[in-house]
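Summary of structural features
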Amino acid sequence: ETSASIVSSGNELKSLVVASSSDFHVLYGGIVPEIASRKQLELIIPVVDESLKKAKLKMSDISAIAVTEGPGLAGSLLIGVLTARNLALSFNKPLYAVNHVSAHIYANFITKSHDKSVKPLKNSPSFPFLGVIISGGHCQTVLFENHIKYKVIGRTLDDAIGEAFDKVAKILGLPYPGGPNISKCALNGKNIYDFPLAIVNRYDFSFSGLKTAVLRKAQSLIGKDYNFPSYKLAKALSEAQKANLAASFEATAIKSLIIQINNAAKDYQVNKIVLAGGVAANNKIRQTLLSLKDFEVYMPDINLCTDNAAFVASMAGYKIKNKISKSDPLTLDIKPNLKM
Ligand code: KG4
Ligand code: ZN
């Protein structure tokens, strides 16, 4: 995604523009980094212009520029960081760099929206809360004590949950992105396979074993051994088998998530859960979390779950309020492996 957004005071969304190169990635069954960054180079200035136009504002009305410094694909981060550095220098604005993973949480801090595509939350969560960040690159539970202080409680030791959705979709011959397509396919199936939970201890996740369990089950259903190339599997499976595999995978992934959320929230004595990340768009995850009686649950509008600049701008808004230091527009570098 290439996105620009204007946010006031960290919570008021003035405009949001998201351009996706997803159509190109569908052709290859996943994100091709070079295609992504080339598209981003073409789109970034028009997207920034469009965000100003939508908000009926000019660069002179803007008080600060925010950008994702990491983690992520180097080529994509580079386009964002260089554009933001140039804007900050050309228009003499302060520059704020944010961590993409923590920024996802700030989709829950948008409480006013002038953009019709986004329904804001009535209230933002108060601290402390357990942040649950589930995306294509991450799966972690984080105890947020305030805007500055947080502690990562559990994380995935291998694949992220969204990555597992995408890879299982590939095994089943469903198009990219896997998340929504697995859910759609699962609607016609039943949770009949006993897959292993994607958990390794009280807090951490491991989705690669679950993904392999789906592959092995698919192979055994069609009666082929492990040498049968997995790219040929989808054609050999019936629609009913695919739907049952998708439903069993989705149910197991969600069960694993809920167990670890419960463990973390109970042990750290928090009663608020704040969901974020692309996988937070999953309807069953949303419904399951809302049905938990012990917790107050926050989740952003589906349009703010997947990657967008509104949560980046929002987080920077709170950084400014908390007087967190600015970045130097002459030297800010990308951090592809940045951790929370
Ligand atoms: O947060 P995001 O847009 O990008 C990253 O920061 O990774 O998350 C993208 C991920 C993809 O893996 C996609 O399959 C998943 O979010 N996703 C979903 C749904 N919509 C998107 N996963 C499950 N159910 C969905 N409805
Ligand atoms: Zn993301």
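Relevant structure appears above.
**With respect to the site of ligand 1**
Of all residues adjacent to ligand 1, which total 19 residues, the nearest are G136, D166, G179, G278 and D307. Between ligand 1 and S135, the relevant distance is 3.5 Å, taken from an oxygen atom to a side-chain nitrogen or oxygen of the residue. A distance of 3.2 Å separates an oxygen atom of ligand 1 from a polar backbone atom of G137. Contact with the protein chains covers 87% of the free accessible surface of ligand 1, which is 560 Å². Elements that contribute at least two residues to the shell around ligand 1 include exactly α4 (100–105), α5 (161–171) and α6 (178–186). A class-by-class count of the residues in the shell around ligand 1 yields five nonpolar, 12 polar and two charged.

**Things to note about the pattern of salt bridges**
The full count for this structure, using the stated rule, is 12 salt bridges. Put simply, K167 and D159 hold a salt bridge, and the shortest N to O gap is 3.8 Å. Owing to a relative accessible area of 33%, K167 belongs among the partly exposed residues under this scheme. Judged by relative accessible area, D159 falls into the buried class, the value being 8%.

**Brief notes about the sheet that holds strand β8 (residues 150–155)**
Taken together, five strands build an open sheet; the order of strands is β8-β7-β6-β9-β10 and the sheet is mixed. The strands lining the two open edges of the sheet, one partner per strand, are β8 and β10 (296–298). With strand direction ignored, the average angle separating the axes of adjacent strands in the sheet is 20°. Where strand β6 (residues 129–134) lies against strand β9 (residues 272–276), four bridges are found, and the strand directions are parallel. Of the residues in β9, the one forming a bridge with G131 is V274. Contacts from helix α9 (residues 239–267) reach β6, β7 (139–144), β8 and β9, with the element oriented near 155° to β6.

**With respect to the coordination of the zinc ion (ligand 2)**
Within the protein, the atoms that donate to the zinc ion (ligand 2) are H100 (NE2), H104 (NE2) and D307 (OD), at distances of 2.0 to 2.1 Å. Here the zinc ion (ligand 2) binds four donor atoms, and the angle range of 96 to 135° at the metal identifies the geometry as tetrahedral. On the basis of relative accessibility, which here comes to 31%, the residue D307 falls in the partly exposed class.

**Remarks on the side chain of S76**
Looking at where S76 falls in the secondary structure, it is placed in helix α3 (residues 74–91). In this view, S76 contacts A36, S37 and Q40; residues no more than four positions away in its chain are not counted.

**Considering the pairing of strand β4 (residues 95–99)**
Within β4, five of the five residues are buried, which leaves it mostly tucked inside the rest of the structure. Taking every second residue as pointing to the same face, both faces of β4 are buried, with L95, A97 and N99 on one and Y96 and V98 on the other. Pairing analysis gives five bridges linking strand β3 (residues 65–70) to β4, with the strands arranged parallel. For G70, the partnering residue across the bridge sits in β4 and is N99. In this fold, the crossover linking β3 to β4 by way of α3 has right-handed handedness.

Calculation rules
Residues numbered from 1 in each chain as written. Chains lettered and ligands numbered in written order. Predicted model: local features only at pLDDT ≥ 70, side-chain atom pairs only at ≥ 80, totals over all residues. Heavy atoms only, no water. Near = heavy atom within 4 Å. Polar contact = N/O pair within 3.5 Å; in protein donor to acceptor, adjacent residues only side chain to side chain. Areas by Shrake-Rupley, 256 points an atom, 1.4 Å probe, with all protein chains shown as cover. Helix = DSSP H or I, 4+ residues; strand = E, 2+ residues; numbered from the N terminus. Nonpolar A, V, L, I, M, F, W, Y, C, P; charged D, E, K, R; others polar. Salt bridge = Lys/Arg side-chain N within 4 Å of Asp/Glu carboxyl O. Buried < 20%, exposed > 50% of the residue type's maximum accessible area, 1.4 Å probe, protein only. Pairing = 2+ DSSP bridges. Axes fitted to C-alpha atoms, helices over the stretch in contact; angles between N-to-C directions. Contact = heavy atoms within 4.5 Å. Donors = N, O, S within 2.8 Å, 3.2 Å for Na, K, Ca; no water. Tetrahedral: all angles 85-135°; square planar, octahedral: opposite > 155°, others 65-115°. Right-handed = clockwise from strand over helix to strand, strands pointing away.

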